[in-house]
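Inside the fold
Residues per chain are reported as follows:
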Amino acid sequence: MKYLFRTVLLALALVGILFVSLPFSEFGTRWFLDLAQRLAPVELDYGSGSLASRLEMTRVVYRSDGLQVELRDIASRLDLSCLLSSRFCFSELDVGFLDIDLSGEEGGAPSPEADATAVDNSIEMLVFPVSVESDNLWVRGTSIRWRGGEWRQGEAALRVRLRDSEITVTEARFVSPELVLQPAQEEQAASGRIELPGVGLPFTLQVGALSLQAPRWTIEDTTRELSSLSLAGKWRGSELELKSLEVLSADLGSLKAEGEVDFAGEWPLRWSGQLQVPAERAVAGFPVEPVEIDLEGPLSAFVAKVSSGGVRGFQLDVEADLLDRELPFTMEAEVSADESMALSELPGVSEDYADVMLEFPARVDASGTLQQQLFSIQGAFSWQEYRGVA
């Protein structure tokens with residue numbers, strides 16, 4: 001009896017040792033990866049190494065309704081102690097390329113009749129099958145695609161955590177990111193209006209500190225580029241909330257702002273910020289002062305209020321339909337100052353008019369489209385003995 005009992009204990013010990021040693025071998029690692037593929041909707045292509053040391057994989061694919069995530073050329077080091085709490089913690093995680101397809105063309109495509117602009121927060125949230133953490137994540141290239149647009153970038157360094165339906169990025173740096181939007185051409189040709197694509201995430205994205213180096217965006221054939229951009233905020237479904245946004249541009253100067261936008265329908269938004277124009281870009285005759293900016297409304301009824309104080313301050317109010325290719329608009333602008341200003345100080349005005357003084361306040365009203373504009377100017381001029389000539 002004692003012999004049988006010892007034999008059973010020895011057998012159990014050998015099984016335990018074998019199970020514990022599995023992560024240290026190529027065979028055991030392949031067995032664990034095969035088990036993971038059976039328990040979760042993932043494809044795992046083994047490369048070399050083991051779970052207990054440095055593991056290299058050629059490809060990892062995750063599919064869900066309307067979503068496909070593919071990682072290629074992966075090298076990782078896993079902290080096995082996290083497995084006891086059902087977490088995958090990586091001390092090192094290097095991804096050659098990350099490809100995310102939200103277009104619905106793979107894995108549960110929506111019906112062809114579905115409206116590409118109808119993205120809202122009723123979207124079903126994705127639940128990640130496992131929790132993943134990495135304080136040292138490197139992604140060498142990224143492409144995120146949806147119907148009507150794409151986000152692509154070069155190298156990225158992140159501290160990230162995936163849990164339930166949330167991705168938390170504590171800190172990240174992206175190199176040369178680009179946002180590309182291509183509105184639906186068929187509807188535009190028929191209506192003459194820009195149909196914005198709906199943009200939504202099937203999870204919550206929390207960002208503590210994100211830095212973009214040389215970002216740019218392209219809408220149809222128009223491309224703009226910035227020097228740098230940093231932000232902190234939250235994106236859930238189609239709603240993006242930015243707690244802080246700092247933009248640096250060689251042409252526009254520096255911008256600090258906060259606000260929110262819903263990337264559904266006509267993209268309603270609310271933003272407020274302050275722009276500091278570089279001295280070389282300032283309008284002649286007007287000292288460089290911070291410019292306050294408030295933006296509001298859907299893009300079909302866009303409202304912008306821009307103002308600046310100082311010695312010569314101004315207030316600019318604009319209303320426009322940014323989705324109409326003709327760009328119908330109305331504008332009211334007023335400039336105020338304590339002292340008059342020589343007309344020759346304005347850009348493009350000859351020194352021959354140095355004796356002509358512009359009195360303040362001065363007001364300009366405008367309305368029209370890209371093809372035709374109507375202006376109304378109210379102000380007064382002084383010249384030699386003639387004063388207050390309107």
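For the structure, see preceding data.
Quick look at the structure, then. All figures in this text were calculated on a predicted structure; none of them were measured in a lab.

1. Regarding the overall build of the chain
Helix and strand content of the chain: three helices and 25 strands. Within the chain, buried positions represent 36% of all 390 residues. The contacts in the chain between residues at least 6 apart in sequence include a share of 49% that link residues at least 24 apart.

2. Topic: helix H2 (residues 26–39)
Over its 14 residues, H2 runs 20 Å from end to end, which matches the ideal 20 Å to within 8%, given 1.5 Å per residue. Listed in full, the buried residues belonging to H2 are Gly 28, Thr 29 and Leu 33. The arc that holds the buried residues of H2, viewed along the axis, is 135°, so those residues lie on one side. Pointing more than 90 degrees away from the buried face of H2 are the exposed residues Phe 27 and Arg 38. Structurally, H2 contributes buried residues whose contacts are with strand E1 (42–49) and strand E2 (54–64).

3. Considering the pattern of salt bridges
The final tally for this structure, using the stated rule, is 26 salt bridges. Here Asp 99 and Arg 145 are joined by a salt bridge, their closest N and O atoms 2.5 Å apart. Of this pair, Asp 99 sits in strand E4 (residues 87–101) while Arg 145 sits in strand E6 (residues 142–146); the two residues are 46 residues apart in sequence, bridging distant segments of the chain. According to the relative accessible area criterion, Asp 99 is buried, its value standing at 11%. Of the residues examined, Arg 145 reaches a relative accessible area of 28% and is grouped as partly exposed. In this structure, Arg 163 engages Glu 133 in a salt bridge whose closest nitrogen and oxygen atoms are separated by 3.2 Å. Taken together, the residues span a long stretch of sequence, with Arg 163 in strand E8 (residues 156–163) and Glu 133 in strand E5 (residues 131–139) at a distance of 30 residues. Using a relative accessible area of 21% as the deciding quantity, one classes Glu 133 as partly exposed. Each of the salt bridges in this network shares a partner with another, and the network as a whole consists of Glu 43, Asp 45, Arg 59, Arg 63, Glu 70 and Arg 72.

4. Considerations on the pairing of strand E18 (residues 291–297)
As paired strands, strand E17 (residues 269–276) and E18 are joined by seven bridges and run antiparallel to one another. Note that in E18 the partner of Gln 274 across the bridge is Glu 292. Where E18 meets strand E19 (residues 302–308), five bridges bridge the pair, whose relative direction is antiparallel. Each bridged residue has a counterpart across the sheet, and for Glu 292 the counterpart in E19 is Ser 307.

5. What to know about the state of the cysteines
By definition, a disulfide links the sulfur atoms of two cysteine residues through a covalent bond. One pass over the structure, following the stated rule, counts one disulfide. Here Cys 82 pairs with Cys 89 through a disulfide, and the sulfurs are 2.2 Å apart. Its torsion about the S-S bond being -100°, the disulfide of Cys 82 and Cys 89 is classed as left-handed. Cys 89 matches Cys 82 in its accessibility class, with the two residues each being buried.

6. So, the nonpolar core
Among the nonpolar cores identified, the biggest contains 60 residues, and Leu 158, Leu 245 and Trp 267 are the most heavily contacted of them. Those residues within four positions of Leu 158 in sequence are excluded, and the remaining contacts are Ser 134, Asp 135, Asn 136, Leu 137, Val 139, Val 169, Glu 171, Ala 172 and Phe 174. Among the nonpolar cores identified, the runner-up in size contains six residues, and Ala 337, Leu 358, Phe 360 and Ala 362 belong to it.

7. Digging into the packing of aromatic side chains
With the rule as written, the count across this model stands at two aromatic pairs. With centroids separated by 5.5 Å and ring planes inclined at 40°, the aromatic side chains of Trp 235 and Phe 263 adopt a geometry described as tilted. Here the residue Trp 235 occupies a position in strand E14 (residues 228–237), and Phe 263 occupies one in the loop between strand E16 (253–262) and E17, the gap between them amounting to 28 residues. Phe 263 shares its class with Trp 235; the two are buried. Where Phe 263 meets Trp 267, the ring centres are 4.9 Å apart and the plane angle is 90°; that geometry is what we call edge-to-face. Residue class for Phe 263 comes out buried when judged on its relative accessible area of 14%. Taken together, the ring pairs in this structure connect Trp 235, Phe 263 and Trp 267 into an aromatic cluster.

Rules behind the numbers
Residues numbered from 1 in each chain as written. Predicted model: local features only at pLDDT ≥ 70, side-chain atom pairs only at ≥ 80, totals over all residues. Heavy atoms only, no water. Helix = DSSP H or I, 4+ residues; strand = E, 2+ residues; numbered from the N terminus. Buried < 20%, exposed > 50% of the residue type's maximum accessible area, 1.4 Å probe, protein only. Contact = heavy atoms within 4.5 Å. Expected span 1.5 Å × (residues − 1). Arc of directions from axis to C-beta. Salt bridge = Lys/Arg side-chain N within 4 Å of Asp/Glu carboxyl O. Pairing = 2+ DSSP bridges. Disulfide = S-S within 2.5 Å. Core = buried A, V, L, I, M, F, W, Y, C linked by side-chain atoms within 4.5 Å. Phe/Tyr/Trp six-rings, centres within 6.5 Å; stacked < 30°, edge-to-face > 60°.

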